[in-house]
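The chain contents come next:
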Amino acid sequence: MTPIITAFRQSPDRGRGLARDMQVRWALEEVGQPYDVRLVSFREMKEPAHRALHPFGQIPTYEEGDLALFESGAIVLHIAERHGGLLPDDANARARAITWMFAAVDTVKAPIVDREAAMLTERDKPWYAQRLPMLDDRIRVRLSELSSRLGDADWLDDEFSVGDIMMVGLLRRPAISSILEEYPNLSAYVTRGEARPAFKRAFDAQLAVFIAASTG
Ligand SMILES: N[C@@H](CCC(=O)N[C@@H](CS)C(=O)NCC(=O)O)C(=O)O
């Protein structure tokens with residue numbers, strides 16, 4: 001059965017692969033699972049039919065027969081559990097890969113989201129200029145810790161896994177692009193992820209949607 005995912009009909013990131021369907025597409029490409037995409041507008045995302053799939057009215061969602069999922073991390077984990085290649089066979093290594101997924105969507109993401117929120121809602125506030133360096137320093141704490149752990153390894157825990165899909169996806173966010181450059185091994189890690197053929201196929205697929213929407 002071919003799974004169906006949802007993605008933006010017209011992505012605000014202008015095809016840069018920053019929307020969360022990117023991680024889902026990437027996982028599907030890594031395991032060689034074909035998929036269909038249902039494109040939704042911002043209005044459609046908030047309508048009952050979509051909210052039945054996604055309580056928060058967002059993308060991505062994932063449908064496979066009777067199963068409907070939301071949350072990119074949960075979807076990626078489901079794909080990894082259904083197919084080989086994204087989770088190690090060894091039980092302990094598998095648990096560690098899942099741990100890295102949580103690190104990406106929680107511990108490392110939290111200060112990044114704080115900065116993004118400030119950029120979006122506090123730019124005109126008198127405290128913004130003072131607060132921004134503090135938010136950047138909190139990101140630096142996490143990236144520096146992540147950089148120390150990664151060292152000169154290719155991936156977070158030996159083999160490439162779901163943890164790397166979620167972490168590379170997070171580190172690609174524009175809000176941290178200049179801070180990321182301070183950690184050459186993390187920049188190289190992201191580049192390594194983006195160089196994977198499956199990433200490129202996923203990226204091209206979401207870009208094709210944006211180009212079609214812009215020229216159609
Ligand atoms: N934690 C969710 C976040 C989903 C999310 O933020 N989706 C964004 C696109 S990347 C969205 O649908 N934004 C539109 C909105 O919230 O109205 C996940 O990882 O799937």
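See the structure above.
All figures in this text were calculated on a predicted structure; none of them were measured in a lab. Starting from 1, residues in each chain are numbered consecutively following that chain's sequence as written. Given that the model is predicted, a residue must reach a pLDDT of at least 70 before its local features are reported, and side-chain atom pairs must reach 80 or more before they are shown or counted; all residues, however, enter totals for whole chains, interfaces and linings. The basis for every side-chain value is the complete set of heavy atoms in the structure, and neither hydrogens nor water enter the calculation.

1. Points about the packing of aromatic side chains
Under the convention used in this document: The aromatic pairing rule takes the rings of Phe, Tyr and Trp, using the six-membered ring of Trp, and pairs them if the centres are within 6.5 Å, calling planes under 30 degrees apart stacked, those over 60 edge-to-face and the rest tilted. A helix here means a DSSP run of H or I that spans at least four residues, while a strand means a run of E at least two residues long, and both kinds are numbered starting from the N terminus. Burial status follows relative accessibility: with a 1.4 Å probe on protein chains alone, a residue under 20% of its type maximum counts as buried, one over 50% as exposed, and anything between as partly exposed.
A full pass over the atoms with the stated rule returns 7 aromatic pairs. Ring geometry for F56 and F70: centres 6.0 Å apart, planes at 80°, overall edge-to-face. One end of the pair, F56, is in the loop between helix 3 (48-51) and strand 3 (61-64); the other, F70, is in strand 4 (residues 67-70), and 14 residues separate them in sequence. F70 sits in the partly exposed class, given a relative accessible area of 28%. The interplanar angle of 65° and the centroid separation of 5.9 Å between the aromatic rings of W155 and Y189 together place this pair among those described as edge-to-face. With a gap of 34 residues between them, W155 in the loop between helix 7 (128-150) and helix 8 (162-171) and Y189 in helix 10 (residues 184-194) connect regions that are remote in the sequence.

2. Re the side chain of T61
What counts is decided by this rule: Polar contacts here mean pairs of N or O atoms no more than 3.5 Å apart (in protein, one a potential hydrogen donor and the other a potential acceptor; neighbouring residues in sequence count only if both atoms are side-chain atoms). Contacts: residue pairs with any heavy atoms within 4.5 Å of one another.
Along the chain, the position of T61 falls in strand 3. The exposure class of T61 is buried, given its relative accessible area of 1%. Of the polar contacts made by the side chain of T61, one reaches the side chain of T6; its length is 2.7 Å. When sequence neighbours within four positions are dropped, the list of residues in contact with T61 reads I4, I5, T6, H50, L53, H54, L69 and I75.

3. Considerations on the pattern of salt bridges
What counts is decided by this rule: Any carboxyl oxygen of Asp or Glu within 4 Å of a side-chain nitrogen of Lys or Arg constitutes a salt bridge here.
Counted under the stated rule, the structure contains 18 salt bridges. Of the charged contacts, one joins E44 and R9 as a salt bridge, the two residues approaching to 3.2 Å between their closest N and O atoms. With a gap of 35 residues between them, E44 in helix 2 (residues 42-45) and R9 in the loop between strand 1 (4-8) and helix 1 (21-31) connect regions that are remote in the sequence. A relative accessible area of 24% places E44 in the partly exposed class. E64 is paired through a salt bridge with R82; the nearest N and O atoms lie 2.7 Å apart. Residue E64 is located in strand 3, and its partner R82 is located in helix 4 (residues 72-82); the two are separated by 18 residues in the primary sequence. On the basis of relative accessible area, E64 is assigned to the buried category, the value being 17%. Here R82 falls in the exposed class, since its relative accessible area comes to 52%.

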